[in-house]
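# Architecture and fold: a report
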Amino acid sequence: MTSNLDPDARSSYRLITLAARLIQRRQDDALAPLGLTRAAVIALEGLTDGPLNQEQLADTIRVQSQTLGRVLTRLEAAGLITRTRQASDRRQLKVELTEAGASAVDAARQAEINAYPDDPDIAWKALRDELTKFVRAVPLNRDTGVVPFVAPEHRAGHRPQPGRASGLRARDQPHQM
């Protein structure tokens with residue numbers, strides 16, 4: 001299998017994950033006094049445009065329906081959402097924000113804003129646009145044929161240059177016969 005991944009992609013992936021972890025920690029710290037988690041806020045925000053059933057909400061916020069069910073149970077217990085059976089299909093639950101849920105979304109948004117870096121040198125729109133393209137390029141379902149990263153020296157057709165390291169340690173080198 002070959003990969004046409006840009007050589008800079010690996011370091012970009014690492015920066016994305018590092019940035020995500022840093023922001024997630026700050027969000028966790030900011031949301032804790034509100035009794036909310038990032039998962040809860042994402043679910044609540046997914047309902048701000050109106051009620052959805054659980055599967056629609058899961059698709060909207062790109063999580064598994066089963067995982068979302070546990071979050072929704074906690075949100076319902078806290079009075080931030082309601083879940084009611086659909087009259088047209090008793091298997092479906094309509095999930096809807098309560099007034100307390102809408103207030104929680106507003107408080108969470110403000111807490112998160114206060115947690116983000118306030119640096120005028122960051123091109124936020126450009127960053128958002130590039131990350132949006134990246135997120136859209138990632139398939140929803142894991143494709144086993146996708147090679148997320150293959151080092152250039154291991155790509156098909158690549159021949160190490162004489163005198164350059166191939167990336168293999170001496171003990172991993174094939175034995176000469």
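Provided above is the structure to which this section pertains.
Here's what I pulled together on the structure shown here. For every chain, the first residue of the written sequence is number 1, and numbering continues from 1 onward in sequence order. pLDDT decides what is reported in this predicted model: residues at 70 or higher carry local features, side-chain atom pairs at 80 or more are listed and counted, and totals for whole chains, interfaces and linings draw on all residues regardless. Think of the side-chain values as coming from all heavy atoms in the structure, minus any hydrogens and water.

Any two strands with at least two DSSP bridges between them are considered paired. Secondary structure is summarised from DSSP: a helix means a run of H or I of at least four residues, a strand means a run of E of at least two, and numbering begins at the N terminus for each. Of the strand pairs in this sheet, strand β1 (residues 52-53) and strand β3 (residues 93-97) are connected by 2 bridges, and their pairing is antiparallel. Paired with Asn53 across the two strands is Lys94, which belongs to β3. Taken together, the 5 bridges between strand β2 (residues 81-85) and β3 define a ladder with antiparallel strand orientation. Bridge assignment links Arg85 to a residue of β3, and that residue is Leu93.

This part covers helix α1 (residues 9-31). By definition here, a helix of n residues has an expected span of 1.5 Å times n minus one. Spanning 23 residues, α1 covers 32 Å between terminal C-alpha atoms, matching the ideal 33 Å at 1.5 Å per step. Two residues form a contact once any of their heavy atoms are found within 4.5 Å. Check the buried side of α1 and you find it contacts α2 (38-46) and α5 (99-115).

Attention now goes to the side chain of Gln27. For Gln27, the location among the structural elements is in helix α1. Definition of a polar contact: a pair of N or O atoms within 3.5 Å, with one able to donate and the other able to accept a hydrogen when the atoms are protein atoms, and with sequence-neighbouring residues admitted only if both atoms are side-chain atoms. Within the local environment of Gln27, its side chain forms a polar contact with the side chain of Tyr116, the two groups lying 3.0 Å apart. Beyond its immediate sequence surroundings of up to four residues, Gln27 is in contact with Arg38, Glu112 and Tyr116.

Right, let's talk about the sheet that holds β2 for a bit. To summarise the sheet geometry, strands pair through backbone hydrogen bonds and adopt either a parallel or an antiparallel arrangement. One open sheet accounts for 3 strands, arranged β1-β3-β2; its pairing is antiparallel. The open sheet has two edge strands with one neighbour each: β1 and β2.

A pairing counts as a salt bridge when a side-chain nitrogen of Lys or Arg comes within 4 Å of a carboxyl oxygen of Asp or Glu. Applying the stated criterion to the full structure yields 7 salt bridges. Here Arg109 and Glu45 are joined by a salt bridge, their closest N and O atoms 3.1 Å apart. Placement of Arg109 in helix α5 and of Glu45 in helix α2 is noted, with a sequence separation of 64 residues between them. With a shortest N-O distance of 3.1 Å, Arg83 and Glu76 are connected by a salt bridge. Look at the salt bridges and you will find they share partners, linking Lys125, Arg128 and Asp129 into a network.

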